[in-house]
Amino acid sequence: MTVSGGTNGAQPRPGLAARLDGLPASATIEMARRARELLAAGHKVISLALGEPDFPTPPAAIEAAHAAALAGDTKYPPVDGTPALKAAVARKFARENGLDYAPDELIVSNGGKQIIFNAFMATIDPGDEVVVPAPYWVSYPLIARMFGGVPVHPVCDESDGFSLRADRLAQALTPRTKWLVLNFPNNPSGGVCTEEELRAIASALRDFPNVWILSDEIYEHLVFDNRRFTSFASVAPDLRDRILTMNGVAKAYAMTGWRVGYAGGPRDLIAAMRTVQGNATSGVCTVAQAAAAAALDGPEDLIGVMRATYAKRRQAVVEALRAIPGITCAMPSGAFYAYPGVEGCLGKTTPDGQVIATDADFALALLDRAHVATVPGSAFGLSPYLRLSCATGDAELEEACRRIAGFVASLR
Ligand SMILES: Cc1ncc(COP(=O)(O)O)c(C=O)c1O
């Protein structure tokens, strides 16, 4: 790969690695950038583009970080996590998920994202297939592709509540499959698999003993309507040797900026991930680990407050969207997003003559004309949809829905 631009185009210059060829920038970050540009130009932009809780970090976590810093907990930590945080993680997995992990079966990383990066770097060879059901959080296929992985995307249909059907999965698995990624509650659709559906998924995986399974459970606490969250490893103990159960404090405790994610899995995989991380970032910031341990051991009522708030907003947003002719919206079972369908708006034209041919056209025109930032379904591998984050204040959400209605009404 060659690099264009620079101070002197005539001079040969060193290039970038081929592994970055064709890798698109994250669409969520791109929408946020455009939204910031409009904001800087003085427009009142409402951003529903980022998946970031609008709650403060629990005070107990902040106090624990402060106390750790004052107590001198400011030296290089162990690569795979401080003993105190790993003990808190082990308690959490046992208490909430019925999973027992020994200390050398656990790793703490810089956010959930680095867990995925470590795991994929440690296991994916060029040409390996990585099954990521669509719609998906954008980072899984992008990270897989950095290591030569080939993403494969069975679809989780809206008509199935966006959950993964075992027969769809079975069709996607091949002898070349290295990973299956499960992410329920799902970003972006809010889909949640029932225990029975997870059992059927496990059944399909038994025919493919060479497949690792990443269960990204970062939204586990955000399930609604009296649904119960089930951790994949708890329904398939016989697959324990190849399941990596991933989680973090970003969503459950509104601690996105602290950068703490963690995972439990088989010893050999965890050791390989530790090697990757040891050569990249080493251990996570000590005071952030102290904060995360306090959050995991802290009172659970804060999570309940957030869940109730998201549930209320979800109801209001879905009702407002359903009232807009041309837009459909399933009621999400979990996470904090709405994933409305915009099929009924495709083929229409904005007042200044722009044709809305895709969900990406819709999202861009909505941002430019109504100053509401969302992310098109195309970024998540399932169109034509939009992802709206409900981790936004009630008044802003209400105003955003009003603007979306006005924008859609202006289409001809
Ligand atoms: C499904 C999913 N997994 C993992 C992450 C990563 O979280 P972290 O901030 O801990 O890296 C996110 C963040 O948006 C996410 O949506």
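Residues numbered from 1 in each chain as written. Predicted model: local features only at pLDDT ≥ 70, side-chain atom pairs only at ≥ 80, totals over all residues. Heavy atoms only, no water.

**Q** When you look at the domain arrangement of the protein chain in this model, what are you seeing that I'm missing?
**A** When the parts come together, some accessible area is lost, and that loss is often what is quoted as the size of the interface. The domains assigned to the protein chain are domain 1 (24-55 + 302-410) and domain 2 (59-297). With 27 residues of domain 1 in contact, the opposing surface of domain 2 contributes 30 residues. Both faces combined, the contact of domain 1 with domain 2 buries some 2,600 Å², and carbon together with sulfur accounts for 64% of it. Of all residues in domain 1, Ile303, Ser333 and Phe380 bury the most surface against domain 2, accounting for 21% of the area lost on that side. Between domain 1 and domain 2 we count 1 salt bridge in total. Aspartate 225 is the salt-bridge partner of arginine 314, the closest N and O atoms lying 2.9 Å from each other. Taken together, the connections running from domain 1 to domain 2 amount to 13 residue pairs in polar contact (both at pLDDT 80 or more). Considering every element that reaches the side of domain 1 that touches domain 2, the biggest residue donor is helix H11 (residues 301-322), with 6 residues. Grouping the amino acids of the side of domain 1 that touches domain 2 by side-chain chemistry returns 17 nonpolar, 6 polar and 4 charged. (Domains from an automatic or database assignment. Contact = heavy atoms within 4.5 Å. Buried area = accessible area lost by both parts, 1.4 Å probe. Salt bridge = Lys/Arg side-chain N within 4 Å of Asp/Glu carboxyl O. Polar contact = N/O pair within 3.5 Å; in protein donor to acceptor, adjacent residues only side chain to side chain. Helix = DSSP H or I, 4+ residues; strand = E, 2+ residues; numbered from the N terminus. Nonpolar A, V, L, I, M, F, W, Y, C, P; charged D, E, K, R; others polar.)

**Q** Mind showing me how you'd approach the site of the ligand here?
**A** Near the ligand lie 14 residues; those nearest to it are Gly112, Asn187, Asp216, Lys251 and Arg259. Interatomic distance of 2.8 Å between a side-chain N/O atom of asparagine 187 and an oxygen atom of the ligand. For the ligand, whose unbound accessible area comes to 390 Å², protein coverage reaches 92%. For the ligand, the cavity whose grid points lie within 2 Å of the majority of its atoms is the largest pocket. In the shell around the ligand, the residues fall into 6 nonpolar, 4 polar and 4 charged. (Near = heavy atom within 4 Å. Areas by Shrake-Rupley, 256 points an atom, 1.4 Å probe, with all protein chains shown as cover. 1 Å grid on protein atoms, 1.4 Å probe; cavity = no way out; pocket = protein on both sides within 12 Å on 5 of 7 lines; lining within 4 Å. Sits in = over half its atoms within 2 Å of the grid points.)

**Q** Sorry if this is basic, but what is going on with the packing of aromatic side chains here?
**A** One pair of aromatic rings is described through two measures. These are the centre distance and the angle between the planes. Under the counting rule described, the total for this entry stands at 16 aromatic pairs. Seen in terms of ring centroids, tyrosine 310 and phenylalanine 336 are 5.1 Å apart; in terms of plane orientation they differ by 50°. Their pairing is tilted. With tyrosine 310 in helix H11 and phenylalanine 336 in the loop between H11 and strand S9 (337-338), the pair connects residues that are 26 residues apart, well separated along the chain. The two residues tyrosine 310 and phenylalanine 336 agree in class, both being buried. Relative to phenylalanine 407, the ring of phenylalanine 362 lies with its centre 5.2 Å away and its plane at 85°, an arrangement referred to as edge-to-face. Residue phenylalanine 362 is found in helix H12 (residues 359-370), and its partner phenylalanine 407 is found in helix H13 (residues 394-410); the two are separated by 45 residues along the sequence. Comparing phenylalanine 362 with phenylalanine 407 shows no difference in burial state: the two are buried. (Phe/Tyr/Trp six-rings, centres within 6.5 Å; stacked < 30°, edge-to-face > 60°. Buried < 20%, exposed > 50% of the residue type's maximum accessible area, 1.4 Å probe, protein only.)

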